[in-house]
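Observations on chain architecture
Chain residues, written in single-letter form:
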Amino acid sequence: LDSMYVISHSKNTVKSYRTRIRLFRRFLRDRYNIDEYDLLDHLKNRGLDIFKVLKDFVIFLDKTGKSPRTIHLALSVNKGYLRHMGIKIDSEDLKQLVKIPKVIKIREIPLDKGIIIRLLRNAKPKLQLTILVAVSTGMRIGEIVQLKISDIDFAQNPVKVYLRANTTKTRQSRETFLTTESSNALKDY
């Protein structure tokens, strides 16, 4: 878990990984009456097949009503956890031998101009500005609230916004541009 924190610097990522590992431990206890250390022994000395265990884990998650996305994440996290414990799992073999439910992707309908205008009419000035900047740049709320005046270049046309790597979800810096309307609102604010 500490190594996951080093990669992401996100406490939520660590929390998510911890939850998935606990879920795997519960599965091992309920299904096989062992923990992950006993699993190592069973794999080496008693001929237990790791792919059968992982297949059973996916079935266990599916029967408990977990979504396909959660199942995929839990499998990925625990594959890494088992690797950390010294169990090598070939990705191609895993793909062939352990089938996971497909993630259903639903196309989200974007906000249209009318909805945005209604939102702006009913919002307080600070929230209006946030909505304008978010809609015009595609920035996340967490990125907007961490903006500094030095991140905004009002001298350019269109106004350029520099997003620092430590404020973005992906930890990569990037640049975006404001519309005239949102840059005027930002100047007024």
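In this report, we go over the structure that sits alongside the text. Fair warning: this is a prediction, and the values are worked out from it, not measured in the lab.

1. A few points about the overall build of the protein
Scanning the protein from terminus to terminus reveals 10 helices and 3 strands. Each helix (α) and strand (β) of the protein, taken in turn from the N terminus, gives the series α-α-α-α-α-α-α-α-α-β-β-β-α. With the principal axes as the frame, the protein shows a C-alpha extent of 70 × 35 × 30 Å. Here the protein, with 189 residues, has 35% of them falling under the buried criterion. Counting contacts in the protein only where the partners sit at least 6 residues apart, residues at least 24 apart contribute 52% of the total. Of the accessible surface of the protein, which amounts to about 13200 Å², a share of 52% is contributed by carbon and sulfur atoms. Charge centroids of the protein, computed over 37 positive and 20 negative side chains, lie 4 Å from each other.

2. Points about helix 5 (residues 68-84)
Compared with the 24 Å implied by 1.5 Å per residue over 17 residues, the 24 Å span of helix 5 between its first and last C-alpha is a close match. For helix 5, the secondary structure elements touched by its buried residues are helix 2 (11-32), helix 3 (36-45), helix 4 (50-63) and helix 6 (91-97).

3. Brief notes about the nonpolar core
Formed by 30 residues in total, the largest nonpolar core has its most connected members in Phe-24, Leu-39, Ile-50, Val-53 and Leu-54. Residue assignment for this core shows that the elements contributing at least two residues are helix 2, helix 3, helix 4 and helix 5. Ranked by residue count, the leading element in this core is helix 4, at 8 residues. In this structure Ile-50 touches Leu-39, Leu-43, Leu-82, Ile-87 and Ile-89, once residues within four positions along its chain are discounted. Judged by nonpolar contacts, the second largest core, of 11 residues, contains Leu-129, Met-139, Ile-152 and Leu-186.

4. With respect to the pattern of salt bridges
Applying the stated criterion across every chain, the model contains 9 salt bridges. In this structure, Asp-56 engages Lys-52 in a salt bridge whose closest nitrogen and oxygen atoms are separated by 3.0 Å. A residue pair is termed a helical-turn pair when its members lie 3 or 4 positions apart in one helix, as Asp-56 and Lys-52 do in helix 4 at 4 residues. For Asp-56, a relative accessible area of 13% puts it in the buried group. Here the salt bridges do not stand alone but share partners, grouping Arg-26, Arg-29 and Asp-30 into one network.

5. Side note on the packing of helix 8 (residues 125-137) against helix 10 (residues 180-188)
If you want to describe how two helices pack, look at the angle between their axes and the distance between the axes. The contact between helix 8 and helix 10 brings their axes to 9 Å, and the two run at 145 degrees. In terms of crossing hand, the pair formed by helix 8 and helix 10 is left-handed. Residues Leu-129, Leu-132, Val-133 and Ser-136 of helix 8 form the contact with helix 10, whose own contacting residues are Glu-181, Ser-182, Ala-185 and Leu-186.

6. Some words on the sheet that holds strand 3 (residues 174-177)
Judged by pairing direction, the sheet is antiparallel, and its 3 strands sit side by side in the order 1-2-3 without closing on themselves. Strands with a single pairing partner mark the edges of an open sheet, and in this sheet they are strand 1 (152-153) and strand 3. Where strand 1 and strand 2 (residues 160-163) come together, 2 bridges link them in antiparallel fashion. Along strand 2, the bridge assignment pairs Asp-153 with Lys-160.

Criteria and cut-off values
Throughout this document, residue positions are counted from 1 along each chain, in the order its sequence is written. pLDDT decides what is reported in this predicted model: residues at 70 or higher carry local features, side-chain atom pairs at 80 or more are listed and counted, and totals for whole chains, interfaces and linings draw on all residues regardless. Side-chain figures throughout are based on the complete set of non-hydrogen atoms in the structure, without hydrogens or water. Note on conventions: DSSP H or I runs of at least 4 residues are helices, E runs of at least 2 residues are strands, and numbering of each starts at the N terminus. For the exposure calls, accessible area comes from a 1.4 Å probe over protein chains only, and a residue counts as buried if that area is under 20% of its type's maximum, exposed if over 50%, partly exposed in between. Note on contacts: a residue pair is in contact if any heavy atoms of the two residues lie within 4.5 Å. Surface accessibility in these figures is a Shrake-Rupley result with a 1.4 Å probe; residues are shielded only by whichever protein chains are displayed. Within this scheme the basic residues Lys and Arg register as positive and the acidic residues Asp and Glu register as negative, but His and the chain ends are omitted. Taken as the charge centre is NZ of Lys, CZ of Arg, CG of Asp or CD of Glu, depending on the residue. Working rule for helices: expected span equals 1.5 Å times residues minus one. To form a nonpolar core, buried Ala, Val, Leu, Ile, Met, Phe, Trp, Tyr and Cys residues must be joined to one another through side-chain atoms within 4.5 Å. A pairing counts as a salt bridge when a side-chain nitrogen of Lys or Arg comes within 4 Å of a carboxyl oxygen of Asp or Glu. Every axis in this analysis is a line fitted to C-alpha atoms, fitted for helices over the stretch in contact. Angles between the N-to-C directions lie between 0 and 180 degrees. A clockwise turn of the near helix away from the far one marks a right-handed crossing, whereas an anticlockwise turn of less than a right angle marks a left-handed crossing. By the convention used here, strands pair only if DSSP detects at least 2 bridges between them.

Purely geometric stuff here, so don't read any function into it on its own.
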